[in-house]
Amino acid sequence: MADWDNDPNPDTSGYLASAGTDWVRIQRSTFTNWCNEHLRKKSQRRIKDLGSDLKDGVILLQLLETLSKKPPPRYSRQPRIKQQMLENLIAALKFIRDEGIKLVNIGNEDIFNGKEKLILGLIWALIQHYQIKTRKTGGGGGGSGSGGGGAGSAKEAMKQWLSEVLPGKTVRNFTRDWNDGRLLLSLVEALQPGSIGNSVPDEPLERCRYAIELAEQNFQVPKLLEAEDLCNPAVDELSVMTYLSYFVSLGDIEDTGDVDQLLDWVHEMLPSCNLGNFDSDWHSGIALVGLVDAISPGAFPDWRDLSPDTGEENFQMGIDLSKQHLDVDLELAAEELVASGAGNDLGFMPLIAELHTASKEIEDARNCFAFGDGLIDATVGQRAEFNVQHQSRVSHISVEIVTVDGQPVAGQVTAGETSNELVIGYTPMAQGPCRIRIMCCARNIPNSPFSVNVQPEPDASSCRVFGSGIGTVLVNTQQEFTVDAHAAGTDQLKVLLQDVKCTPVSVKEVQGKTGVYTVTYTPLEVGALEVLILLAGKLIDYGTSSVLVLDPSQVFLNGEGLRTACAGQQAVFTADTRNAGPGELQVSFSTGQTKGAASVGPSREDDKIFIVEYEPLKMGKLSINVKWSGLPLAPETFIVNVVKPGYTGAVSLDTNKITLGEVVDLTARLQGGGKQSSNAKLTAKARGLKTGPTPVQVKVGANDLFHIEMKPEKADEYFIDIFFDNVPVAGSPLRAVFANPCHPELVVAQGPSNGSVGRRIEYIVDTTQAGGGDLEVYVTGPAHGDLFVTVEQGATPTEHCLVYTPDAEGQHSLEIKWSGTPIPGSPFQLDVVQQTVDASKVRVHYESEQLKGLVLGDPFVMAFDTSETGCDEFSAMAVSESEANAQSHDISVMAQDEDVYTMTFDPPTPGDYMLYIFYGENEVPGSPFSLRVMTGAGEVDVESIRFGDVGDPVLVSLRLADKTKRGNLSLTAQSLEDLEPEDITDLVEQDDGSLLAQYMPIIAGQHHFEVMWCNGHIVNGTFDVEITPARQTGGVVSRARGGAAGASHSPQRSNRRRSGMVNLNKHTFNEAAVGERVSASIQAPGVALEAVTGQVTDPDGKVSKAEVLTNSMGTFTLYTLPEKIGKHLMEISVSGRPVSGSPFSFQVEAASGSSAGSRQQSKSSSAALPGSGEAHRCVITNIPANVMVGMACRFVVNARLAEIGDLSVTVASGPLRQTDITIARLRDKVYNVQLAPWVPGSVQLNVLWGGKPVPKSPVVIEFVDCTPDASKCHANTESPLQVASNRWQRVLVNTEGAGRGSLTATLKSKTYEAPLLIERQARFLYRCAFLSQTPGTYSLIIKWAGEHIPGSPFTVNSVHKCYPDKVKVISLKTSKVNQPCIMAVDTSEAGIGVLAIKVSDQHGKNIDVNLKKAKDAQRKVMAEFTPKQTGHHQAIIKWSRVQVPGSPFVIHIV
């Protein structure tokens, strides 16, 4: 025995504390640590003070979710008021009770008020149930230092375990025996011999600290207890037991001998067998076969039909099935199993424990998944990879890569691990088939082994690429080229098209030619198309970098040189190629056999407008041939008439740069020639390079001078053709550049001297007095040099708005020039600071009444003010909780001003929506907003009251505008303590055409009612009814059953004062029968319930009281249940005065089915029907239709009108045990019948009163399976998902119909992996948030109960930032008034951003724009607006506040 274990009188006097209060402190600390140990697994929140941190219910529900591994009920995640917190606590306490945990004397108010000892008792109950696992004995609360109630069975079980682990040691208690640390050290040594060592401290405090640290290092036992607390004589036994429970759970079931836990597992696997031991219940062998079938479904599904008399055969079948399906060799003969367990209560336990171990191994293997290209194809010499997801220890995973004959694959195999995933890489060195076997716990995972075909390393240099489709091609024309890879040794060919929009590429192998492929595609726009050809991942070099996609039809030629030219003189024409794509203009001319090349050069105004010059040498016909990069134009050839010059001299301008004015007079000079004829005439034509033809006049002066008068509309380069006698003269055409007068010193600029990072800065530049010129703007920042600046038109044509967004703090320089000259004050200096983005400072404006009830068809509008926070982007979406797949509806947030944004949402259907509004990565204040969209008033009219009693029916009157649509109506009721709302399907049509619904409350408190129409809410269709334990003034019923008045009354009472309007139920009064309810109603607004009375006199003169019920609208209903045949009188009074027509008479006949003889006998004797009993007077309400297995359900039996009898409920048929039925009395003769189903199936229940069936008996209830099914989950995203890097993104997952389970989500790449933050938004709705830190491609893996949901893993493409310059816009040039004008905006290559479109008419008035997603592309938006007047309209399009290329767009409306 070690020295540290040999002290008979341990000394703890060095650390004494007051036992009066210290136990509470120690227990509080231990229980807090225990809670936080479990909370850290899934929640970011921690408990600091048990008395205050649980009061809102949020942490408690998160703790229950972690402990139970079950989703909690729906609750408020950000409660702000006391009512929300109390409702959360009610949900938590009900969840605890449904888990089978008994709670004593604790309610939601106790937790809210921080009653510490009661809260400690609650935590101890959770520890017993989930940690110590004494499920059979249960556990109660109790926060006393002596142990509290309910700890006895747990304490004795733990002592028994310690006596087995520590033989020779006596454990008398869980307090002082543990103060010196010796027992704890002995326990550590027993569980791991040799772990203590020789350096054990002598002092009790240090010995306790040493033992606690060893337990954490060797067994990962958390430090729930501090050494000072364990050494304290005041330590309470609940704290010590909680700490020691981690040691008990270290071993497996078969190691610890925990019979109860193994039996619990057997009950879960075979719930219908009711196995209670490991001896006699197993002797037939049937349970063994059934257990194998439960572990491996389908092994022997008919095991229930086996005979108990053939035990040896049954055992042999179980042995064979275990070997075949579980790969478990039981190593026992059937005859040995027949005799096993004789005289031993645990005879079969080792056998069952072995199957339990196999079950865990199989489950671990089933939860492993492998995926990746490396499981399909591989190439010699190239690394192939695949991923293995697992929920087991890494040491349990094994990977074997071998050839088909079992030889290991030559090559390197590596493995990298993330939290629950292995990345396996291998490099095969030889071609041929191979097999990859992946095993978990020595068992194949799903689809293992995998067959992989290893192909030889391709020889890309042997490939040939040829065909017209890789040269210069025509737009909108199918192109084709051939790839000959027959000598490359692989068939892994892939062709990628980039930078130009095209149809999907088609790659087909040429029939009869192995390895030769035909590639076809159709380019849809001009540009430089990059064609990448990859062979087994290697890029083929086929001699060209890109394919030019051109449109020669967009080359426009103009000029006199295309029609007439003079021999020996220069002829000129222009070619506009701005829309023809990137190409080369090729011009040649010929006269007969003589050919020549023309001179082609770009103009000074635009490098895509070319000036072509040529000089014909002789007269005649000349052919000009024009091509665009080798592609012919239409027409391709122009015929020019070459003539003799009409004037032998030349013409020239004195100057060729003229300031633009009203009328321009150009002076030209004729030199060196004379007139050729007396009738010759000098003429001229003028055309602008961009503006087209311009009127011109020629006036002849003296001395060979002439004047050209023209009035150009715009500054441009003009060509002036001079003709003498209709023949061009030498030097023609003349070139003149018309420019506006320029005065940079008169330009005025105004703007701020400071700004914020990310927020746009505007400068207004007025050039009204500056004349003609070009505006040049340059902004230089401290970080990235020149910044992108947009120039927008201001209020007038000469006012310009300069806009740029600084991306770094520091001093920025704004330089403004007018026609190359700096304006006064330039450069301007601006100080830019970094303003913090805080979504909480976004001010949100909306109509709160719209959130509570928006009528379908009305838009919901919100406005956001960001003036008090930094700059970021808005995003918004709406999720319908009514839709089965929870598809989100994207909502556009439009910028209205610098700091003001608006969001408009048009709900497509009625229902409840959650609106999520994000500013940057965080939600704005109040988000998510709960929006209820209702059907408009008029379809359904609802009448109900607001107060009622337990056990009394609540009646709701519904009046439909169209009775034929009754199927569109639904009504549900739910108390605050109910997890599930109850459907009310029993709707009785009344004489006035309304429908009467009845609901029987069985719990006091607030009940919530919802009337739905076509699955949507209606106006006034949601209301609450307060149910009290005792009858309250005000009644519980709505509109009574009734029709028109018309019953007779007594003439003797006609002279008495009457009050109230009576409405009799004609059907029940005219056809009343024994045992059937008779009712009448009166209208008496403002009258209390006690003031209305009714009494009924039967044929024998016996007087009885009528039941009186009311609603809040002043309607009172009186009920009676006649027992005798004959004439009855009902007298109704209000405040002691009979109502008009009272008393009312009605005739009662025999009940349906009674014989004529008995009817006559009853009439004559006026006695009750013989043998009728009292059962027919009972009423069953709240019968559930479908109930999920494992969820408690209930219905109510009301026997208040039955005089004598007892209630009994028995199982007629179905998988329900009699012990699963509980009957509880709610009040006098009102009973709650509760069921606890464990097996799916249909159950029939006989409900008897006094031994006789009541109406609606037998009751039929369907219990449905809750097995998880991940295929029923839906995520509001599709692959590929494009997101911004380093920015939070969100995905919503709807799990409705997927059964019980938990949601897990992971974002991973080859070098990065992180779990997603999962937050439950609604009952079946989860929000998963993730952050991609770097650009690249990621896999988003979402699982429900360990299975991939549809679409998982999703591909996530993360891009760095937004690229406004890559937004493509297709806009009309002209349109018509009152007709939709559509613009297509493609943002597929622009990264992540927010689209803003503003359209205004020529007067500056804004026009509404409707944005819709295009059907053919995920990121193409169709912007539609309807102009109301003619003139030029301007469309400004911005992507994340930066104007896109071409903006502003001008559309001319005619």
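Residues numbered from 1 in each chain as written. Predicted model: local features only at pLDDT ≥ 70, side-chain atom pairs only at ≥ 80, totals over all residues. Heavy atoms only, no water.

**Here we look at the overall build of the protein**
Counting secondary structure elements, the protein contains 20 helices and 105 strands. Expressed as a percentage of its 1454 residues, the buried residues of the protein come to 49%. Total accessible area on the protein stands at roughly 67600 Å², and carbon and sulfur atoms take up 48% of it. (Helix = DSSP H or I, 4+ residues; strand = E, 2+ residues; numbered from the N terminus. Buried < 20%, exposed > 50% of the residue type's maximum accessible area, 1.4 Å probe, protein only. Areas by Shrake-Rupley, 256 points an atom, 1.4 Å probe, with all protein chains shown as cover.)

**Quick look at a negative patch on the surface**
A cluster of acidic residues, Glu 312, Glu 313, Glu 335 and Glu 336, forms a negative patch on the protein surface. Of all the secondary structure elements, the ones that give two or more residues to the negative patch are helix H15 (311–326) and helix H16 (334–339). Examined against the element boundaries, Glu 336 turns out to sit in helix H16. (Patch = residues over 30% accessible without salt bridge, like charges linked within 9 Å, V, L, I, M, F, W, Y side chains within 5 Å. Salt bridge = Lys/Arg side-chain N within 4 Å of Asp/Glu carboxyl O. Lys, Arg positive; Asp, Glu negative; His and termini not counted. Charge placed at Lys NZ, Arg CZ, Asp CG, Glu CD.)

**A short note on the pairing of strand E9 (residues 450–455)**
In this structure, strand E2 (residues 377–379) lies alongside E9, joined through three bridges in parallel fashion. Bridge pairing in E9 places Asp 377 opposite Asn 453. Here strand E7 (residues 432–440) pairs with E9 via five bridges, running antiparallel. By the bridge assignment, Gly 432 is partnered in E9 with Val 454. (Pairing = 2+ DSSP bridges.)

**Remarks on the pairing of strand E70 (residues 1092–1097)**
Successive residues of a regular strand alternate their side chains across the two faces of the sheet. Only one face of E70 is buried, namely the one carrying Val 1092, Gly 1094 and Val 1096, since none of Thr 1093, Gln 1095 and Thr 1097 on the opposite face is buried. Looking at chain direction, E70 and strand E74 (residues 1126–1134) are connected through six bridges and run antiparallel. Bridge pairing in E74 places Gly 1094 opposite Ile 1132. Bridge analysis of E70 against strand E71 (residues 1103–1105) gives three bridges, and the strand direction is antiparallel. By the bridge assignment for E71, Val 1096 is matched with Ser 1104.

**Considering helix H3 (residues 58–68)**
In terms of burial, H3 is largely enclosed, as 11 of its 11 residues are buried. Within H3, the full set of buried residues consists of Val 58, Ile 59, Leu 60, Leu 61, Gln 62, Leu 63, Leu 64, Glu 65, Thr 66, Leu 67 and Ser 68. Elements that come into contact with the buried residues of H3 comprise helix H1 (22–39), helix H2 (50–53), helix H4 (82–98), helix H5 (108–112) and helix H6 (116–132). With its phi angle positive at about 60°, Lys 69 sits one or two positions after the end of H3. (Contact = heavy atoms within 4.5 Å.)

**Section: the sheet that holds strand E98 (residues 1381–1386)**
In space, the four strands of this open sheet follow the order E96-E98-E102-E101, with antiparallel pairing throughout. Taken across any chain shown, the strands that pair with only one partner, and hence form the sheet edges, are strand E96 (1368–1370) and strand E101 (1410–1413). For this sheet, the mean inter-axis angle between neighbouring strands, taken without regard to orientation, is 25°. With four bridges connecting them, E101 and strand E102 (residues 1420–1425) associate as antiparallel partners. Within the sheet, the bridge partner assigned to Leu 1411 lies in E102 and is Ala 1423. (Axes fitted to C-alpha atoms, helices over the stretch in contact; angles between N-to-C directions.)

**A word on the environment of Lys 1105**
Note on placement: Lys 1105 falls in strand E71. Judged by relative accessible area, Lys 1105 falls into the exposed class, the value being 74%. Residues Lys 1105 and Glu 1131, 26 residues apart in the sequence, show an inter-C-alpha distance of 9.7 Å. Every residue in contact with Lys 1105, bar those within four places of it in the chain, is listed here: Gly 1094 and Gln 1095.

**What about the environment of Thr 796?**
Inspection of the secondary structure assignment puts Thr 796 in the loop between strand E43 (789–793) and strand E44 (799–804). Here Thr 796 falls in the partly exposed class, since its relative accessible area comes to 35%. In this structure the C-alpha to C-alpha distance between Thr 796 and Asp 766, which are 30 residues apart in sequence, comes to 9.1 Å.

**Side note on the sheet that holds strand E38 (residues 748–750)**
Hydrogen bonds between backbone groups are what pair the strands of a sheet, and the pairing can be parallel or antiparallel. Spatially, the four strands line up as an open sheet ordered E38-E40-E44-E43, and their pairing is antiparallel. Two strands lie at the open edges of the sheet, namely E38 and E43, each paired on one side alone. Taking the axes of each pair of neighbouring strands and ignoring which way they run, one obtains an average angle of 25° across the sheet. The pairing of strand E40 (residues 761–766) with E44 spans six bridges and is classified as antiparallel. Across the sheet, Glu 762 pairs through a bridge with Val 803, a residue of E44.

**Comments concerning the pattern of salt bridges**
Oppositely charged side chains may form a pair once their charged atoms are brought near each other. Per the counting criterion, the structure on display carries 23 salt bridges. Between Glu 216 and Lys 223 there is a salt bridge, with the nearest N and O atoms lying 3.5 Å from each other. In this structure, Lys 1124 engages Asp 1100 in a salt bridge whose closest nitrogen and oxygen atoms are separated by 3.1 Å. Here the residue Lys 1124 occupies a position in the loop between strand E73 (1115–1120) and E74, and Asp 1100 occupies one in the loop between E70 and E71, the gap between them amounting to 24 residues. Look at the salt bridges and you will find they share partners, linking Glu 206, Arg 209 and Glu 228 into a network.

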